[in-house]
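Spelled out, the chains give:
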Amino acid sequence: MNDLLAQLRAGLPAEALITDPDVTSSYAHDMAGFCDAGSPAVVVLPRTVEQVQHVMRTATALRVPVVPQGARTGLSGAANASDGCIVLSLVKMDRILEISPVDRIAVVEPGVINAVLSRAVNEHGLCYPPDPSSWEMCTIGGNIGTASGGLCCVKYGVTAEYVLGLEVVLADGRLLTTGRRTAKGVAGYDLTRLFVGSEGSLGIVVKAVLALKPKPPRQLVLAAEFPSAAAACDAVCAIMERGHTPSLLELMDRTTVRAVNAMAGMGLPDSAEALLLCAFDTPDPASDLAAVGELCTAAGATEVVPADDKAESELLLQARRMSLTALETVKSATMIDDVCVPRSKLGAMLEGTAAIAERFGLTIGVCAHAGDGNTHPVVCFDHMDPDESRRARESFDEIMALGLELGGTITGEHGVGVLKKEWLARELGETGVELQRGIKTVFDPLGLLNPGKLF
């Protein structure tokens, strides 16, 4: 420990090091439950690339594991500390280095908050589309690490589609530049995509070149109330089959709607078994919403209400964004799943989840990026009740098994971390895991970067 601190201090300012156990313990875990976390030896908050390189050279010399972190808003335990590790928090590297309206790129450090970047590029008539529900808190580096999604993915895609290039500090302290600033580029293997979603297990992202889009018109939102989740999913399939391109297509089940109303008094229809939100940011959103409204009615919607203006639209989006937080108030603890299935299987996924909830005697609320088939079943339980906690964990696993049976994946945007690493092996298969471990060894031969995550 003394050697570690002495070598770190040789290349870092005093304020970049935290050793007080009462403080370092607050950096031990992200927002996921049921995930073990260790006690870090030290927390480092660098401000420069050179300082990150010094940390990694020291870690390599002393064989000390390093756990990179952003804002710790993750839901898989990917940022959880291991005993005796260096927690490398990138939140102080929070500069927007460049915004180019001509090249339509932004160059940022990893600690930039998603919403801060979005507002900054908006001032140039541009937008950065990926918008996780935690966008007011989460960092771009964390978004890259877990390949985050968001509400607008149905039209605009996920984080991976906007990362053009990276600067990455490798395990031994070398600096690697990947990708490009150009609109096109296919030189060599696509190492940039390899780092996106790698959860800090291959290197430390210290700079990112991000693609931007022209700022779209303000979107208008439609809310459709359904007598069943199956009917709402039928509407989703009809909307996509007819070729519509909504900027948002979100679903909240009855449990979620009631939780949001109870927490914030949003006035959503408590009688709805499912509430579907559909938005368009096209030049004529009212016309698009009218067409979608007809499809919802044909699928069995009992009420279809287009928002009258932008303020009402924003209120509906706010209700959706607070879904996970609202479900956390139902019981003392939650486990948030992140299973993505083909859109055509969305109804089966929701029906199967409801059956699992009934079988285990649990409350499981579901909110979903319905246009992507990305569901977030939230298992609500009393963490002080051992039997209920056991049932919660078992139901969580059954939901993931159901997703795989339906041709889906165990995570659409939250990542694997600690929570799902056993399930990653089931999804990838023996050969897939062997190859991924081989890639890990190339970049991190000593296994120092975020050990115990993924596999």
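Anything mentioned here points back to the structure above.
The written sequence of each chain sets the order in which its residues are numbered from 1. Per-residue local features are limited, in this predicted model, to residues with pLDDT of at least 70; the limit for side-chain atom pairs, both in listing and counting, is 80 or more; totals at the level of whole chains, interfaces and linings are taken over all residues. Working from all heavy atoms in the structure, the side-chain values ignore hydrogens and water.

Caption draft 1: Highlighting the packing of helix α13 (residues 346-360) against helix α14 (residues 386-405). Here an angle of 0 to 180 degrees is reported between the N-to-C directions of two axes, which are lines fitted to C-alpha atoms, with helices fitted over the stretch in contact. Runs of H or I in DSSP of at least four residues are treated as helices and runs of E of at least two as strands, each being numbered from the N terminus. The interhelical angle for the contact between α13 and α14, taken along N-to-C directions, is 155 degrees, at an axis separation of 10 Å. It follows from the interaxial angle that α13 and α14 lie roughly antiparallel. In this structure, α13 meets α14 at a crossing whose hand is right-handed. Residues Ala 348, Met 349, Gly 352, Thr 353, Ile 356, Arg 359 and Phe 360 of α13 form the contact with α14, whose own contacting residues are Arg 391, Glu 394, Ser 395, Glu 398, Ile 399, Leu 402 and Gly 403. The residue makeup of the contact of α13 with α14, split by class, is six nonpolar, four polar and four charged. Under this scheme an angle from 65 to 115 degrees is roughly perpendicular, one under 35 degrees roughly parallel, and one over 145 degrees roughly antiparallel; angles in between are oblique. Crossing chirality is assigned from the near helix's rotation relative to the far helix, an anticlockwise turn below a right angle marking it left-handed and a clockwise turn marking it right-handed. In what follows, residue pairs with any heavy atoms lying within 4.5 Å of each other are defined as contacts. Following the grouping adopted for this structure description, the nonpolar residues are Ala, Val, Leu, Ile, Met, Phe, Trp, Tyr, Cys and Pro, the charged ones are Asp, Glu, Lys and Arg, and the polar ones are all others, Gly among them.

Caption draft 2: Examining the side chain of Thr 334 more closely. Counting through the fold element by element, Thr 334 comes out in strand β16 (residues 333-336). Dropping the residues within four chain positions of it, Thr 334 is found in contact with Leu 327, Glu 328, Val 378, Val 379, Cys 380 and Phe 381.

Caption draft 3: Structural context of the pairing of strand β19 (residues 374-381). With respect to burial, β19 is a largely interior element, eight of its eight residues being buried. With a 1.4 Å probe rolled over the protein chains alone, any residue whose accessible area is under 20% of its type maximum counts as buried; one over 50% counts as exposed, and the rest are partly exposed. Alternating residues of β19 divide into Asn 374, His 376, Val 378 and Cys 380 and Thr 375, Pro 377, Val 379 and Phe 381, and every residue in both groups is buried. Think of it this way: DSSP has to see at least two bridges between two strands before they count as a pair. In terms of strand pairing, β16 meets β19 through four bridges, oriented antiparallel. In the strand pairing of β19, Thr 334 is matched with Cys 380. As paired strands, strand β17 (residues 339-340) and β19 are joined by two bridges and run antiparallel to one another. Counted as the bridge partner of Val 339 is Thr 375 from β19. Taken together, the seven bridges between strand β18 (residues 363-369) and β19 define a ladder with antiparallel strand orientation.

Caption draft 4: Region of the structure containing the pattern of salt bridges. Each reported salt bridge corresponds to a side-chain nitrogen of Lys or Arg within 4 Å of a carboxyl oxygen of Asp or Glu. Tallied over the entire structure, the rule returns 18 salt bridges. In this structure, the salt-bridge partner of Glu 136 is Arg 119, at a minimum N-O distance of 2.5 Å. Remark: Arg 119 occurs in helix α4 (residues 114-122) and Glu 136 occurs in the loop between β7 (126-127) and α5 (140-146); sequence separation between them is 17 residues. For Arg 119, a relative accessible area of 42% gives the class partly exposed. Among the charged side chains, a network of salt bridges with common partners joins Lys 331, Asp 387, Glu 388, Arg 390, Arg 391 and Glu 394.

Caption draft 5: Molecular detail of the packing of aromatic side chains. Ring pairs are drawn from Phe, Tyr and Trp, using the six-membered ring of Trp, whenever the two centres fall within 6.5 Å, and their geometry is named by plane angle: stacked under 30 degrees, edge-to-face over 60, tilted for the rest. Under the criterion given, the structure shown has three aromatic pairs. With centroids separated by 5.4 Å and ring planes inclined at 80 degrees, the aromatic side chains of Phe 195 and Phe 443 adopt a geometry described as edge-to-face. Placement of the pair is Phe 195 in helix α7 (residues 191-195) and Phe 443 in helix α15 (residues 421-443), with a sequence separation of 248 residues. Throughout this description, the term charge over a ring refers to an Arg CZ or Lys NZ atom that lies within 6 Å of the ring centre and within 35 degrees of the ring normal. Lying across the ring of Tyr 27, Arg 72 places its NZ or CZ 4.6 Å from the centre. Sitting above the plane of the Trp 423 ring, Arg 426 keeps its charged end 3.9 Å from the centroid.

Caption draft 6: Representation of helix α1 (residues 2-9) within the structure. Looking only at α1, the buried set comprises Leu 4, Leu 5 and Leu 8. Burial along α1 is one-sided: seen end-on, the buried residues are contained in an arc of 95 degrees. Exposed side of α1, more than 90 degrees from the buried face: Asn 2 and Asp 3 are the residues found there. The elements touched by buried residues of α1 are β1 (17-18), β2 (42-44), α3 (49-62) and β4 (86-89). Arc, as used here, means the arc of the directions from the helix axis to the C-beta atoms.

Caption draft 7: Inspection of the packing of helix α8 (residues 229-241) against α13 at higher detail. For the pair α8 and α13, the least separation of the axes is 8 Å and the interaxial angle reads 165 degrees. If you check the angle between α8 and α13, you find them roughly antiparallel. Classified by chirality, the crossing of α13 by α8 is right-handed. Between α8, through Ala 229, Ala 230, Cys 233 and Val 236, and α13, the contact on the second element is made entirely by Leu 346, Gly 347, Leu 350 and Glu 351.

Caption draft 8: The arrangement of unusual backbone geometry in detail. Positive phi, close to 45 degrees, is recorded for Asn 450, a residue that is not glycine. Positionally, Asn 450 belongs in the segment after α15. Even without a glycine there, the phi angle at Leu 454 is positive, about 70 degrees. Residue position: Leu 454 is located in the segment after α15.

Scope: geometric values only; no functional claims are made or implied.
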